[in-house]
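Reading the structure
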Amino acid sequence: ALVSLGATGGTVVIDQSKKYLIDNNLTVPAGCAILGGLQIVGNPSAGNSTASAIWNYGSCLIVNSSKTITLNGSASIVGCLVLRKGMVAPENDASAYAGTAITAAGDDVLLRYCLIIGFNKLFSSTNFQRTVLDHVQGDGVNGFEIINALDVPKLTNCHLWPFGTIDATTPVTTFGSGNYLHRTGKGYFVQTVGDQLRMTNCFDYGHTEAFRVDNANNVTFTACHADDISQVGSPYAVAGTLGFYVTGSSNETLFLGCQSLAKE
C-alpha cells in the first residue's frame, strides 16, 4: 500500500480494530504516512495505566525485534501502538526488550500520538534534521536518540514510563536491571550536534540516565522532568542514576523550569 502511493506520497490508514505483523523491515517512503486511529495513547480503561489494557488496542504494529520500521524523508507515523513481537501482558521486567522500533532515514520525519513498547531502543535518528516527536509515549531500555542533527529537532510532550511491566506478576523491587520499574539505558539521548534542539514538556521515569547530552551544542530543555523509584528504606536519590547529564564538549545547554526527583 505504501509503495503504491508513488513519488507523490500520501497516507495509508490502518484499522483501529486490527493489529498488523511487521515480520520484515518496513520502509515508509518519502512523503508518506501511516495513520492509525489513536490520539490519547496510554490506558484505555479506568484507574491506573495497565499493561493488560494497553494490549487491547488496535491500530497496532507488531514489529519483529530483528527488524525495524524506517522513515524516509518527510515520512510519518501517527496514532499507532507499536509493540515488539512476542510480548506478553505484562512483562515481568525489561530483560527481553530488544531491537530498534523506528529508525529515521531522512530529514523532517514525524512521530505523533504513538505508544511504543518493548524494544531496546524506541527511536533513532543519526545525521538527519528537523525530526519531530510529539505526544509520543514509550517503554524501552533506551528511549529516543538524536545524533548529529544539524537543524532544530523538536521533542514535545513525550512521556517515558514502564508501560509494559507496570502490572508485573512477580515484580522485583530491589534496585537494578531486573527491577520492573527500572530501565538501564538512557531515556532521551542527544549526541554530537544538537543545533538548537528543543525539548519541551518531556518526562522520564526510571532510566539510569533520564536526559543525556553528549558533545552537543545549544540544547534547550523547557519544563522537562525526571523521576525514579526510591531505594528500599530511602526516600532520596537512587544511587547511580542521573536526571540531567551534560558531558563532553557540550555547550550552551539551557534549562527552564526543569526538575529531577529521586535521582543523584
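Some details on the overall build of the protein
- Scanning the protein from terminus to terminus reveals 1 helix and 22 strands.
- Its C-alpha atoms give the protein a radius of gyration of 18 Å, within 12% of the compact-globule value 18 Å for 264 residues.
- The principal-axis extents of the C-alpha atoms in the protein amount to approximately 60 × 45 × 30 Å.
- Here the protein, with 264 residues, has 50% of them falling under the buried criterion.
- Sequence-distant contacts in the protein: of pairs separated by 6 or more residues, those separated by 24 or more amount to 56%.
- A total accessible area of about 10600 Å² is found for the protein, and carbon and sulfur atoms account for 51% of it.
- In the protein, which carries 14 positive and 19 negative side-chain charges, the distance between the mean positions of the two groups comes to 6 Å.

A word on the packing of aromatic side chains
- Enumeration over the complete set of coordinates arrives at 8 aromatic pairs.
- When the ring of Phe-244 is compared with that of Phe-255, the centres are 5.4 Å apart and the planes differ by 80°; the resulting orientation is edge-to-face. Of the two residues, Phe-244 sits in strand β20 (residues 242–247) while Phe-255 sits in strand β21 (residues 254–256), which places them 11 residues apart along the sequence.
- The class for Phe-255 is partly exposed, based on a relative accessible area of 38%.
- Put simply, the rings of Phe-144, Tyr-188, Phe-211, Phe-221, Phe-244 and Phe-255 pair up and form one aromatic cluster.
- The ring centre of Phe-189 lies 5.2 Å from the NZ or CZ of Lys-186, which sits over that ring.

Notes on unusual backbone geometry
- One non-glycine residue, Asn-201, lies in the positive phi region at around 55°.
- Among the secondary structure elements, Asn-201 is positioned in the loop between β15 (197–200) and β16 (203–205).
- On the accessibility criterion, Asn-201 (41% relative accessible area) is partly exposed.

Examining the environment of Asn-72
- Take Asn-72: it is sitting in the loop between β6 (69–71) and β7 (76–78).
- With relative accessibility at 24%, the residue Asn-72 sits in the partly exposed group.
- Spatially, the C-alpha atom of Asn-72 lies 39 Å from that of Glu-264, the residues being 192 residues apart in sequence.
- In this view, Asn-72 contacts Thr-27, Val-28, Pro-29, Ala-30, Ala-105, Gly-106 and Val-109; residues no more than four positions away in its chain are not counted.

Description of the environment of Ala-101
- Residue placement: Ala-101 occurs in strand β9 (residues 100–104).
- Considered as a pair, Ala-101 and Leu-261 are 160 residues apart in the sequence and their alpha carbons are 28 Å apart.
- Setting aside anything within four residues of it in sequence, one finds Ala-101 in contact with Thr-68, Ile-69, Val-82, Ile-116, Phe-119, Lys-121 and Leu-122.

A look at the side chain of His-182
- Here His-182 is to be found in the loop between β13 (159–160) and β14 (183–191).
- A polar contact of 2.8 Å, which involves the side chain of His-182, links it to the backbone oxygen of Gly-206.

What to know about the environment of Ala-98
- Positionally, Ala-98 belongs in the loop between β8 (81–84) and β9.
- As a C-alpha pair, Ala-98 and Phe-203 span 105 residues in sequence and 22 Å in three-dimensional space.
- For Ala-98, the residues in contact, after removing those within four places along its chain, are Ser-65, Arg-84, Gly-118, Phe-119 and Asn-120.

Describing the state of the cysteines
- If you walk through the whole model with that rule in mind, you get 0 disulfides.
- Left without a disulfide partner, Cys-80 is nearest to the cysteine sulfur of Cys-114, which lies 5.2 Å away.
- Lacking any disulfide linkage, Cys-158 is separated from the closest cysteine sulfur, that of Cys-202, by 4.4 Å.
- We classify Cys-158 as buried; its relative accessible area is 2%.

Observations regarding the pairing of β14
- Bridge count between strand β11 (residues 132–147) and β14: 4 bridges; the pairing is parallel. Directly across from Glu-145, in β14, lies its bridge partner Phe-189.
- Bridging between β14 and strand β17 (residues 207–214) involves 6 bridges; their strand directions are parallel. The residue bridging Phe-189 from the neighbouring strand is Arg-212, located in β17.

Examining the nonpolar core
- Counting residues in each nonpolar core, the largest one holds 46 residues, and the members touching the most others are Phe-144 and Met-199.
- Those residues within four positions of Met-199 in sequence are excluded, and the remaining contacts are Leu-155, Tyr-188, Val-190, Phe-211, Thr-220, Phe-221, Thr-222 and Cys-224.

Parameters and conventions
Residues numbered from 1 in each chain as written. Predicted model: local features only at pLDDT ≥ 70, side-chain atom pairs only at ≥ 80, totals over all residues. Heavy atoms only, no water. Helix = DSSP H or I, 4+ residues; strand = E, 2+ residues; numbered from the N terminus. Rg over C-alpha atoms; globule rule 2.2 N^0.38 Å. Buried < 20%, exposed > 50% of the residue type's maximum accessible area, 1.4 Å probe, protein only. Contact = heavy atoms within 4.5 Å. Areas by Shrake-Rupley, 256 points an atom, 1.4 Å probe, with all protein chains shown as cover. Lys, Arg positive; Asp, Glu negative; His and termini not counted. Charge placed at Lys NZ, Arg CZ, Asp CG, Glu CD. Phe/Tyr/Trp six-rings, centres within 6.5 Å; stacked < 30°, edge-to-face > 60°. Lys NZ or Arg CZ within 6 Å of the ring centre and 35° of its normal. Polar contact = N/O pair within 3.5 Å; in protein donor to acceptor, adjacent residues only side chain to side chain. Disulfide = S-S within 2.5 Å. Pairing = 2+ DSSP bridges. Core = buried A, V, L, I, M, F, W, Y, C linked by side-chain atoms within 4.5 Å.

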